[in-house]
Amino acid sequence: VQLQASGGGLVQAGDSLRMTCTASGRTISTYHLAWFRQAPGKEREFVSAIRRDRNTYYADSVKGRFTISGDNAKNTVSLQMNSLKPEDTAVYYCAASERLILSSLRLKNAYDYWGQGTLVTVSS
């Protein structure tokens, strides 16, 4: 599967942004899907995941502000980001995994496929 992320940009603190990851090659319903992010000088970190059973998971830092959703008809997974903060500034990546156990869903090594990343910059 190939993943293409889009929707990043420059916004102000408190604004909202919606990012979309479009899959091609196979239907997304086959995969567990996630968003990770990497800020300058930092490790890539887990943001959110949606498993095949449609259960969703979030990092504590984004819980209540971000919402992940999948659209099988469009073959996309989206991340709605509200109440953005400067510390949300990062390159955001979508990822997919064919076999994902619950204990590993926050680990980047558990994902087999990655999109190219899209930059989100939140100014204060």
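Structure report, in brief. Starting from 1, residues in each chain are numbered consecutively following that chain's sequence as written. Since the coordinates come from a predicted model, pLDDT governs what is reported: local features require at least 70, and pairs of side-chain atoms require 80 or more to be given and counted, while whole-chain, interface and lining totals use all residues. Each side-chain value is derived from all of the structure's non-hydrogen atoms; neither hydrogens nor water enter the calculation.

What to know about the overall build of the chain
Inference 1: Secondary structure follows DSSP: runs of H or I at least 4 residues long count as helices, runs of E at least 2 residues long count as strands, and numbering of each begins at the N terminus. For the chain, the count of helices and strands is zero helices and 11 strands.
Inference 2: Secondary structure elements of the chain, listed N to C terminal, follow the sequence β-β-β-β-β-β-β-β-β-β-β.
Inference 3: What the globule rule says is 2.2 Å times the number of residues to the power 0.38, and the radius of gyration is computed from C-alpha atoms. The C-alpha atoms of the chain give 13 Å as radius of gyration, which agrees with the globular expectation for 124 residues (14 Å, within 12%).
Inference 4: Its C-alpha atoms give the chain principal-axis dimensions of about 40 × 30 × 25 Å.
Inference 5: Under the scheme applied here, a residue whose accessible area is under 20% of the maximum for its type counts as buried, over 50% as exposed, and between as partly exposed, the area being computed with a 1.4 Å probe on protein chains only. Across the 124 residues in the chain, those meeting the buried criterion constitute 44%.

Points about the pattern of salt bridges
Inference 1: Just to be clear on terms, a salt bridge is a Lys or Arg side-chain nitrogen sitting within 4 Å of an Asp or Glu carboxyl oxygen. Scanning the model with the defined rule gives seven salt bridges in all.
Inference 2: One salt bridge in this structure joins K108 and E43, with 3.8 Å as the shortest N-O distance. With K108 in the loop between β9 (90-97) and β10 (113-114) and E43 in the loop between β4 (32-38) and β5 (45-50), this residue pair connects regions lying 65 residues apart in the sequence.
Inference 3: Its salt-bridge partner being D88, residue R65 comes within 2.7 Å of it at the nearest N-O pair. Of this pair, R65 sits in the loop between β6 (56-58) and β7 (66-71) while D88 sits in the loop between β8 (76-81) and β9, placing them 23 residues apart in sequence.
Inference 4: Given a relative accessible area of 10%, R65 falls into the buried group.
Inference 5: Each of R37, E45, R65 and D88 takes part in a single network of salt bridges with overlapping partners.

Side note on the state of the cysteines
Inference 1: The disulfide criterion used throughout: a pair of cysteine sulfur atoms within 2.5 Å. Tallied over the entire structure, the rule returns one disulfide.
Inference 2: Two residues share a disulfide in this structure: C21 and C94, whose sulfurs sit 2.1 Å from each other. Here the S-S torsion is close to 60°, and the disulfide linking C21 with C94 is therefore right-handed. Placement of C21 in strand β3 (residues 17-24) and of C94 in strand β9 is noted, with a sequence separation of 73 residues between them.
Inference 3: Residue classification places C21 among the buried positions, given a relative accessible area of 1%.
Inference 4: In this structure C94 comes out as buried when scored by relative accessible area, which is 0%.

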